[in-house]
Amino acid sequence: MQFETKNVHFPQKIETSETSKTKPIYQTSAFAFQDLDEMEGFYNGNKAYLYTRAGNPNTDDLGKGVADLEGAEMGVASSSGISAILAGVLAVAKAGDHIVATEDLYGGTYQLFAKELPELGIAVSFVDFTDQEKIEQVIHDKTVLLYSESITNPLLRVENIEVLVQLAKKHRLKTMIDNTFATPYFVRPHESGVDLVVHSATKYIGGHSDLSAGVLTGSGALIKKAKTKIVNLGSNLGPFDGWLACRGLKTLSLRMERQSANAEYLAKALANHEKIKKVYYPTNASERGNGAIVTIELAEHADVRQFFRQLRWIKVVPTLAGVETSVTHPVGTSHRPVPEETRQRLGVTYSMVRISVGIEAKDDIVQAFEEALD
Ligand SMILES: *Cc1c(COP(=O)(O)O)cnc(C)c1O
């Protein structure tokens with residue numbers, strides 16, 4: 001071989017006899033075959049992988065791992081929470097259909113439902129999900145899905161999943177729950193009969209703010225349909241991000257235990273602070289705890305911009321769920337796309353601060369907020 005050829009083909013043996021303690025990363029766009037017969041194996045079920053857009057071991061691990069924890073038959077990972085939501089919706093709804101969603105949705109989901117789905121011919125009604133009658137009023141013969149979040153954002157309303165499932169059964173609808181804030185450590189919607197559970201794995205599943213990913217779980221039949229959408233729309237997850245998310249997933253229970261304990265401590269410590277009008281922290285999410293997000297509404301005379309500036313080691317970010325405590329300004333970021341009128345009705349105000357509580361020592365967290373408030 002000449003230099004140019006040797007340069008490309010230097011030996012990189014793929015070890016199948018060595019058993020690595022951790023899963024290797026299949027950082028490859030495609031899989032290689034000995035001959036045409038072996039490649040045919042992908043189509044007749046003897047080979048699992050052909051092309052990474054259609055499936056990759058690291059990506060599949062994430063789908064399976066989250067499905068196991070959610071108590072679902074099957075799971076599929078995708079490039080982001082939003083693409084997992086879209087795949088889930090398209091697994092049950094097509095042009096001409098109608099879905100009903102809670103009005104206190106994550107801003108990106110609102111954007112997808114309000115702007116993109118109607119252009120695909122799928123109509124969406126946004127309703128106050130605390131009022132069953134209002135949901136029933138908008139259901140009609142084209143309605144196929146009820147969509148909500150187990151713990152909403154930023155007001156941290158805990159959805160009554162049992163009631164939603166009953167309502168859906170009565171009208172023969174499917175149910176889909178975004179379980180991003182609660183995680184399966186606290187809430188497992190499938191146990192209450194929910195058909196599809198979706199995660200922005202960008203948040204607690206990954207847990208370290210270093211990747212974008214989504215996961216959808218449910219029955220084999222629904223997830224196969226959703227996976228076909230992910231393959232055909234090209235919203236697959238890359239192998240490295242799948243691998244990273246799996247590494248993060250291993251510490252989910254440790255992180256959630258610590259972060260929710262810290263959140264509860266912070267919520268109590270800030271409850272009667274004179275610079276705070278209201279502290280939002282759920283009490284009824286689960287027996288194990290209530291998640292790691294605390295939302296505060298600063299008092300009317302407080303300078304919101306100054307408060308954000310004074311949070312010494314706490315970063316201001318448009319996300320949540322890392323191991324570090326961070327803060328978000330919902331009106332300026334996650335809820336920017338939500339119409340002002342809806343925000344006002346929901347009570348999402350300019351002086352609202354969403355805190356994603358991390359794993360630090362709890363008194364250091366409290367001190368940082370008290371100093372900024374002072
Ligand atoms: C972040 C988030 C999403 C969207 O996830 P991406 O990974 O950013 O696409 C959906 N739902 C909730 C509740 C979120 O917090």
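Residues numbered from 1 in each chain as written. Predicted model: local features only at pLDDT ≥ 70, side-chain atom pairs only at ≥ 80, totals over all residues. Heavy atoms only, no water.

(A) Spotlight on the site of the ligand. Inspection of the region around the ligand gives 13 residues, with G81, D178, S200, T202 and K203 positioned closest. Here a nitrogen atom of the ligand and a side-chain polar atom of D178 are 2.6 Å apart. Within the contact set of the ligand, an oxygen atom lies 2.7 Å away from a side-chain nitrogen or oxygen of K203. If you tally residues by element for the shell around the ligand, the top one is helix α4 (residues 81–92), at three residues. Tallied by class, residues from the shell around the ligand come to six nonpolar, five polar and two charged. (Near = heavy atom within 4 Å. Polar contact = N/O pair within 3.5 Å; in protein donor to acceptor, adjacent residues only side chain to side chain. Helix = DSSP H or I, 4+ residues; strand = E, 2+ residues; numbered from the N terminus. Nonpolar A, V, L, I, M, F, W, Y, C, P; charged D, E, K, R; others polar.)

(B) Layout of unusual backbone geometry. The amide bond that connects N153 to the next residue, P154, takes the cis arrangement and shows omega of 0°. Mapped onto the secondary structure, P154 falls in the loop between β4 (143–149) and α7 (161–170). At R172, a position not held by glycine, the phi torsion is positive, near 55°. For R172, a relative accessible area of 77% puts it in the exposed group. (Buried < 20%, exposed > 50% of the residue type's maximum accessible area, 1.4 Å probe, protein only.)

(C) View of the environment of E264. The residue E264 is located in helix α11 (residues 252–270) in this model. On the basis of relative accessible area, E264 is assigned to the partly exposed category, the value being 34%. In this structure the C-alpha to C-alpha distance between E264 and A87, which are 177 residues apart in sequence, comes to 34 Å.

(D) Molecular detail of the domain arrangement of the chain. When its domains are assigned, the chain resolves into domain 1 (36–249) and domain 2 (252–373). Area buried by domain 1 at its contact with domain 2 is led by Y185, F186 and Y204, which between them contribute 28% of it. Seen at the junction of domain 1 and domain 2, the total is one salt bridge. A salt bridge links R345 to E103; its shortest N-O distance comes to 2.5 Å. Put simply, domain 1 and domain 2 have eleven residue pairs in polar contact (both at pLDDT 80 or more) between them. Elements with a minimum of two residues in the side of domain 1 that touches domain 2: α5 (107–119), α8 (183–186) and α10 (239–249). Residues that form the side of domain 1 that touches domain 2 fall into these classes: 17 nonpolar, ten polar and four charged. (Domains from an automatic or database assignment. Buried area = accessible area lost by both parts, 1.4 Å probe. Salt bridge = Lys/Arg side-chain N within 4 Å of Asp/Glu carboxyl O.)

(E) Here's a closer look at the sheet that holds β4. The seven strands lie next to each other as β1-β7-β6-β5-β4-β2-β3, forming an open sheet whose pairing is mixed. Each of the sheet's edge strands pairs with one partner strand only, and the pair in question is β1 (74–78) and β3 (123–127). Across this sheet, the average inter-strand angle for adjacent strands is 20°, counted without regard to direction. Sitting on the sheet, α5 is in contact with β2 (98–102), β3 and β4, with an inclination near 140° to β3. Its contacts with the sheet place α7 against β4 and β5 (174–178), and it is angled at close to 155° to β5. (Pairing = 2+ DSSP bridges. Axes fitted to C-alpha atoms, helices over the stretch in contact; angles between N-to-C directions. Contact = heavy atoms within 4.5 Å.)

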